[in-house]
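# Reading the structure
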Amino acid sequence: MRSEVFTVQTGARPTVRDITAEAERFVSGQGDGLLHVFVPHATAGLAIIETGSGSDDDLLAALDDLLPTDDRWRHRHGSPGHGRDHVLPAFVPPYATLPVVDGRLALGTWQSVCLVDPNGDNPTRTVRFSFLPG
């Protein structure tokens with residue numbers, strides 16, 4: 001298995017960051033297999049969604065509706081409502097496994113691999129790519 005960690009700057013606001021290009025570079029020339037993407041953070045996740053057409057903003061809005069940033073959370077350190085960020089991985093998991101065919105991600109036409117980070121307290125994230133050849 002080949003594995004590599006890289007750093008992503010997500011900034012001080014909730015964001016959906018497309019990391020498809022980084023994933024494509026990692027599997028380029030690797031043949032057939034599986035790419036496992038893992039975010040080793042308690043307050044971030046991965047989503048396979050369409051980006052650039054508003055879906056990324058819709059996802060953040062839906063998360064705000066589902067997991068509001070108010071004082072209901074028992075987990076209370078960090079910014080107000082930060083406890084919701086620790087619940088996020090139950091809804092947007094911190095991992096995804098994708099098929100790789102002939103050294104290319106086998107994504108659908110409009111699908112992108114995205115890091116979902118609602119936590120503005122931590123603007124730097126790491127992502128691990130692991131390729132398991134077929």
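Look a little higher up for the structure.
Presented here is an overview of the structure given in this document. All of these numbers come straight from a predicted model, not from anything done at the bench.

### Brief notes about the pattern of salt bridges
Under the criterion given, the structure shown has five salt bridges. As a salt-bridge pair, Asp70 and Arg72 come within 2.6 Å of each other at their nearest N and O atoms. In this structure Asp70 comes out as partly exposed when scored by relative accessible area, which is 27%. Residue classification places Arg72 among the exposed residues on the basis of a relative accessible area of 52%. The structure contains a network of salt bridges with shared partners spanning Asp64, Arg84 and Asp85.

### Overview of the sheet that holds strand β6 (residues 104–105)
Taken in spatial order, the five strands line up as β1-β8-β3-β5-β6 in an open sheet, and their pairing is antiparallel. Two strands in the sheet have a free side with no partner beyond their single neighbour: β1 (2–9) and β6. As judged from the two bridges shared by strand β5 (residues 95–101) and β6, these two strands associate in the antiparallel manner. Looking at the pairing, Val101 lines up with Arg104 of β6.

### Notes on the sheet that holds strand β2 (residues 15–18)
Paired through their backbone hydrogen bonds, the strands of a sheet run either parallel or antiparallel. If you trace the three strands from one edge of the open sheet to the other, you get β2-β7-β4, paired in antiparallel fashion. Edge positions in the sheet fall to β2 and β4 (45–49), since each of these pairs with one other strand and no more. Averaged over neighbouring strand pairs, the angle between their axes works out to 35° when direction is ignored. Across five bridges, the pairing between β4 and strand β7 (residues 112–117) is antiparallel. Across the sheet, the residue bridging to Ile48 is Val113, located in β7.

### What about unusual backbone geometry?
Here Asp102, not a glycine, exhibits a phi torsion of approximately 55°, which is positive. Here Asp102 shows up in the loop between β5 and β6.

### Here we look at the packing of aromatic side chains
One pass over the structure, following the stated rule, counts two aromatic pairs. For the pair Phe6 and Phe129, a centre-to-centre distance of 4.9 Å together with 45° between the ring planes defines the contact as tilted. Of this pair, Phe6 sits in strand β1 while Phe129 sits in strand β8 (residues 124–133), and the two are 123 residues apart along the sequence. In this structure, Phe6 and Phe129 share a single accessibility class: buried. On the numbers, 5.5 Å between centres and 45° between planes, the contact of Phe26 with Phe129 is tilted. Highlighted residues: Phe26 in helix α1 (residues 20–27) and Phe129 in strand β8, separated in sequence by 103 residues. Neither Phe26 nor Phe129 differs from the other in exposure class; each is buried. Members of the aromatic cluster, joined through ring pairs, are Phe6, Phe26 and Phe129. Arg2 extends its terminal NZ or CZ atom over the ring of Phe26, reaching a point 4.0 Å from the ring centre.

What counts, and where the lines are drawn
- Residues numbered from 1 in each chain as written.
- Predicted model: local features only at pLDDT ≥ 70, side-chain atom pairs only at ≥ 80, totals over all residues.
- Heavy atoms only, no water.
- Salt bridge = Lys/Arg side-chain N within 4 Å of Asp/Glu carboxyl O.
- Buried < 20%, exposed > 50% of the residue type's maximum accessible area, 1.4 Å probe, protein only.
- Pairing = 2+ DSSP bridges.
- Helix = DSSP H or I, 4+ residues; strand = E, 2+ residues; numbered from the N terminus.
- Axes fitted to C-alpha atoms, helices over the stretch in contact; angles between N-to-C directions.
- Phe/Tyr/Trp six-rings, centres within 6.5 Å; stacked < 30°, edge-to-face > 60°.
- Lys NZ or Arg CZ within 6 Å of the ring centre and 35° of its normal.

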